[in-house]
Structures are given as structure tokens and as C-alpha cells.
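Structural description and commentary
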Amino acid sequence: MRRELARRIAFTIGALLLFRLGTQVPFVGMGAPGPSFSGEHVVRFSIFALGILPYLTAASSSGLFRWYRGA
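Cut-offs used in this document
Residues numbered from 1 in each chain as written. Predicted model: local features only at pLDDT ≥ 70, side-chain atom pairs only at ≥ 80, totals over all residues. Heavy atoms only, no water. Helix = DSSP H or I, 4+ residues; strand = E, 2+ residues; numbered from the N terminus. Buried < 20%, exposed > 50% of the residue type's maximum accessible area, 1.4 Å probe, protein only. Patch = residues over 30% accessible without salt bridge, like charges linked within 9 Å, V, L, I, M, F, W, Y side chains within 5 Å. Areas by Shrake-Rupley, 256 points an atom, 1.4 Å probe, with all protein chains shown as cover. Salt bridge = Lys/Arg side-chain N within 4 Å of Asp/Glu carboxyl O. Expected span 1.5 Å × (residues − 1).

1. Concerning the overall build of the protein
When its secondary structure is counted, the protein shows 2 helices and 0 strands. Among the 71 residues that make up the protein, the fraction classed as buried is 4%.

Here it is, written out as C-alpha cells:
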């Protein structure tokens, strides 16, 4: 039980560190927001800020493509 708890805590800390590292990778083509945005609330737009939407789009597109081809 103790080893399992330590493994889960290590995994959680590792996932959080990976997420923090991923938020430092900037999204290409997006600079700092101009005055049209709401002040300094949005400072950096990173790849991890996209969330799960690109995955959902790719999964639904490939599913529709397979359905259309009749596979």
C-alpha cells in the first residue's frame, strides 16, 4: 500500500511538472496580446493552453473520413 501511494504521488508530481514545462513552450505565430485584450490577464498562449480540442477535431475528422470512404 505504501509503495502504491508513493508511485501515485510521484506520477502526479511528474504530470504537474510536465504541464508546467509545456506551458512555457509558446504557440508559434502568437505574440503578446495587444491593448484589445483585457489587460495583462492573458500573457502567454502555449501549446498546452489548447487543451483537448485539437485531439477531438482530429478524431472526429478521421472518423468521418473513414465513414465516407466506407471502411
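2. Some details on a nonpolar patch on the surface
Among the surface-exposed residues, Leu5, Ile9, Ile13 and Leu17 lie close enough to one another that they form a single nonpolar patch of about 400 Å² accessible area. You can see isoleucine 9 is positioned in helix α1 (residues 2–22).

3. Details of the pattern of salt bridges
As enumerated under the stated definition, the model contains 2 salt bridges in all. Here arginine 7 and glutamate 4 are joined by a salt bridge, their closest N and O atoms 2.9 Å apart. With arginine 7 and glutamate 4 both in helix α1 and 3 residues apart, this pair spans about one turn of that helix. A relative accessible area of 30% means that glutamate 4 is categorised as partly exposed. Where salt bridges share partners, they join Glu4, Arg7 and Arg8 into one cluster.

4. Re α1
Between its first and last C-alpha, α1 extends 30 Å over 21 residues, near the 30 Å set by a 1.5 Å rise per residue. Burial within α1 is sparse, with just 1 of its 21 residues counted as buried.

5. Thoughts on helix α2 (residues 53–69)
When the terminal C-alpha atoms of α2 are compared, their 24 Å separation across 17 residues agrees well with the 24 Å that a helix rising 1.5 Å per residue should span. Following α2 by one or two positions, glycine 70 adopts a phi angle in the positive range, close to 85 degrees.

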